[in-house]
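Chain residues, written in single-letter form:
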Amino acid sequence: AATSLVDVAEVALVDLTATGAQADAGTTVRSVSIDGLSRAPLAVRIAPEVTAGAGVHRVVWVEAVSLLGVADFGPSPAGAPPTPARTTVVPLVADPKVSLTPRKTVTRIDGGSLHLYLIADGSNDVVHVALDLSPAAIGATLDQIASGKNPTDLALVQAKDGLRILTAHAGAYDLGLLDPSTGTG
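Residues numbered from 1 in each chain as written. Predicted model: local features only at pLDDT ≥ 70, side-chain atom pairs only at ≥ 80, totals over all residues. Heavy atoms only, no water.

A.B. asks: Is there a simple way to explain the overall build of the protein chain in this structure?
C.D. replies: When its secondary structure is counted, the protein chain shows one helix and 14 strands. Relative to the globule expectation of 16 Å for 185 residues, the C-alpha radius of gyration of the protein chain, 18 Å, shows essentially globular dimensions. Summarising the internal contacts of the protein chain: among those between residues at least 6 apart in sequence, 39% fall at separations of at least 24. Only carbon and sulfur atoms are counted for the fraction: they give 55% of the accessible area of the protein chain, which is about 9,700 Å². Separation of charge centres in the protein chain, based on 12 positive and 18 negative side chains, amounts to 5 Å. (Helix = DSSP H or I, 4+ residues; strand = E, 2+ residues; numbered from the N terminus. Rg over C-alpha atoms; globule rule 2.2 N^0.38 Å. Contact = heavy atoms within 4.5 Å. Areas by Shrake-Rupley, 256 points an atom, 1.4 Å probe, with all protein chains shown as cover. Lys, Arg positive; Asp, Glu negative; His and termini not counted. Charge placed at Lys NZ, Arg CZ, Asp CG, Glu CD.)

Structural data, given as structure tokens:
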């Protein structure tokens, strides 16, 4: 947006299933501004429901160049107003001169954690962001898995011996099968 009247760091979650008293109580739209999201959003994504801690979480993340802005619209006690959303910003690079533009993200839920696996222009790696939704503040860890030159697509595969990441590579006409637990493939 080219105007200062728009908060590009604000996201909203709209519950299209709310009816009756829920809808009347104003719980159908929850919004939050992600503090520290200093770059214009390229895309906004939403994860499937994650059960962690006291209930069900809805996680929305904003993809921007070299970072992710994460908003957790966590559970609310029955009959109480919605719990305020928690936010965090996850830098995707350590060097500010490096620019990563997220291209595709795949999610995986494991216990109370949400795992984001993404490929980005500017990197030959699969970036793995693990979000722990159980503590008071969102815990985020970052890992990179070498995938080969110019990954253009990825998929998660549950093999007999554990999770694998399948990557396709443009121009190289090959596939990568990666083990995220060891970083090899």
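A.B. asks: Mind showing me how you'd approach the side chain of His 115 here?
C.D. replies: Considering the arrangement of structural elements, one finds His 115 in strand 9 (residues 113-121). A polar atom in the side chain of His 115 sits 2.8 Å from the side chain of His 128. (Polar contact = N/O pair within 3.5 Å; in protein donor to acceptor, adjacent residues only side chain to side chain.)

A.B. asks: Can you help me understand the side chain of Asp 125 in this one?
C.D. replies: Looking at the element boundaries, Asp 125 is found in strand 10 (residues 125-132). Lacking a salt bridge, the buried Asp 125 has Arg 103 as its closest oppositely charged neighbour, with an N-O distance of 12 Å. (Buried < 20%, exposed > 50% of the residue type's maximum accessible area, 1.4 Å probe, protein only. Salt bridge = Lys/Arg side-chain N within 4 Å of Asp/Glu carboxyl O.)

A.B. asks: Even after reading the chapter, I still don't get the sheet that holds strand 12 (residues 151-159), so can you show me in this structure?
C.D. replies: For sheets, the rule is that strands pair by backbone hydrogen bonds, running either parallel or antiparallel. Taken in spatial order, the three strands of this open sheet run 12-13-14, and their pairing is antiparallel. Of all strands in the sheet, those with a lone pairing partner are strand 12 and strand 14 (174-178), marking the two edges. Neighbour-to-neighbour, the strand axes of this sheet turn through a mean angle of 20°, independent of strand direction. Relative to strand 13 (residues 162-169), strand 12 runs antiparallel, the two sharing eight bridges. Across the sheet, Leu 156 pairs through a bridge with Ile 165, a residue of strand 13. (Pairing = 2+ DSSP bridges. Axes fitted to C-alpha atoms, helices over the stretch in contact; angles between N-to-C directions.)

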